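These are the residues of each chain, in order.
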Amino acid sequence: MFIIRRIFRWILYAIIFFFVSSITAVVVLKWLPVYYTPLMLIRSAQQIADGRSPKIAHEWVDLNHVSTNLPLAVISSEDARFQQHNGFDFEEIYKARLHTLHGGKERGASTISQQTAKNVFLWPGHSWIRKGFEAYFTILIEYIWGKERIMEVYVNSIEMGDGIYGVKAVAELNFDKTPDRLTKRDAALIAATLPSPLTRDSKNPSGELLRRRNRIVQEMNYIKHVPFGCEEK
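Residues numbered from 1 in each chain as written. Predicted model: local features only at pLDDT ≥ 70, side-chain atom pairs only at ≥ 80, totals over all residues. Heavy atoms only, no water.

Another aspect to go through is the nonpolar core. Counting residues in hydrophobic clusters, the biggest one holds 52 residues, and the most contacted among them are Leu-70, Phe-121 and Met-151. Among the secondary structure elements, those contributing two or more residues to this core are helix H3 (69-78), helix H5 (112-121), helix H6 (128-144), helix H7 (147-157), helix H8 (167-175), helix H9 (184-193) and helix H10 (207-220). No other element matches H9, which puts six residues into this core. If sequence neighbours within four positions are ignored, Phe-121 has contacts with Ala-25, Val-26, Leu-29, Pro-38, Phe-137, Ile-141 and Trp-145. (Core = buried A, V, L, I, M, F, W, Y, C linked by side-chain atoms within 4.5 Å. Buried < 20%, exposed > 50% of the residue type's maximum accessible area, 1.4 Å probe, protein only. Helix = DSSP H or I, 4+ residues; strand = E, 2+ residues; numbered from the N terminus. Contact = heavy atoms within 4.5 Å.)

Dropping the structure here:
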């Protein structure tokens, strides 16, 4: 009995430690820039394993120095109800499930909030355990960070090419611009790469990628305004 009680005590301590440390991390990152993510470290390890030098092109930029075209583009292409939901788009989840049940290819329904939670706090993967942690962190950032901070962290941490992370790096390397000068077409092209940034290159876009960009530009016209970022200069 003593051993069992001791085991339960350590499990309880571990649970308390997890909740305290995770909530503390989310509160701290509400204010501090996110300079590194687990994915950056994983990609660096993969590059070394492939015999390449590790590459991380990333520099934090405040959201008020990012053209509003980029938040508009990623909302249009990735999460049309970002400003309305509380972290989970149940309508999109239902549609994705229905699509799969009718024989369609399985597709994701992750919101920008979920993707941000995964990028900053977790690792890539599709296990139920990771999905459970993702849901937990999504709830935390929705209620502690709010939409503007989630968008700021998202556009700064998302993978946008091979070794390229965040809007400042991709704007400078692939468009030779600062983030505040991205046009609608620039932003739509960046958004078009996000489902597969290692195979879709915004610097040398394929015909299919350009067609996807054009569709996103059209979708952007249906969203009149997003309260994130600055006007294109």
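So much for the structure itself; the text now carries on.
To continue, consider the confidence of the model for the chain. For the chain, per-residue confidence averages 89 on the pLDDT scale, and 92% of positions sit at 70 or higher. Least confident of the elements in the chain is helix H4 (residues 90-101), whose mean pLDDT is 66; most confident is H7, at 97. (pLDDT = per-residue confidence, 0-100.)

Moving on to H9. Burial of H9 is extensive: eight of the 10 residues sit out of reach of the surface. Structurally, H9 contributes buried residues whose contacts are with H3, strand S1 (159-161), H8 and H10.

What follows is about the packing of aromatic side chains. Scanning all chains against the criterion turns up 11 aromatic pairs. Between Phe-18 and Tyr-136, the aromatic rings sit 5.3 Å apart at their centres with planes inclined by 35°, giving tilted as the arrangement. Here the residue Phe-18 occupies a position in helix H1 (residues 2-28), and Tyr-136 occupies one in helix H6, the gap between them amounting to 118 residues. Its relative accessible area of 18% is what places Tyr-136 among the buried residues. Judged by centre distance (6.0 Å) and plane angle (65°), the rings of Phe-82 and Phe-228 are edge-to-face. Of the two residues, Phe-82 is situated in the loop between H3 and H4 and Phe-228 in the segment after H10; the sequence distance between them amounts to 146 residues. When sorted by exposure, Phe-82 lands in the same class as Phe-228, which is buried. An aromatic cluster is present here, built from Phe-18, Phe-19, Phe-121, Trp-123, Phe-133, Tyr-136, Phe-137 and Trp-145 joined pairwise through their rings. Positioned over the ring face of Phe-82 is Lys-147, at 4.6 Å from the centre of the ring. We note Arg-149 situated over the ring of Trp-145; from NZ or CZ to the ring centre the distance is 6.0 Å. (Phe/Tyr/Trp six-rings, centres within 6.5 Å; stacked < 30°, edge-to-face > 60°. Lys NZ or Arg CZ within 6 Å of the ring centre and 35° of its normal.)

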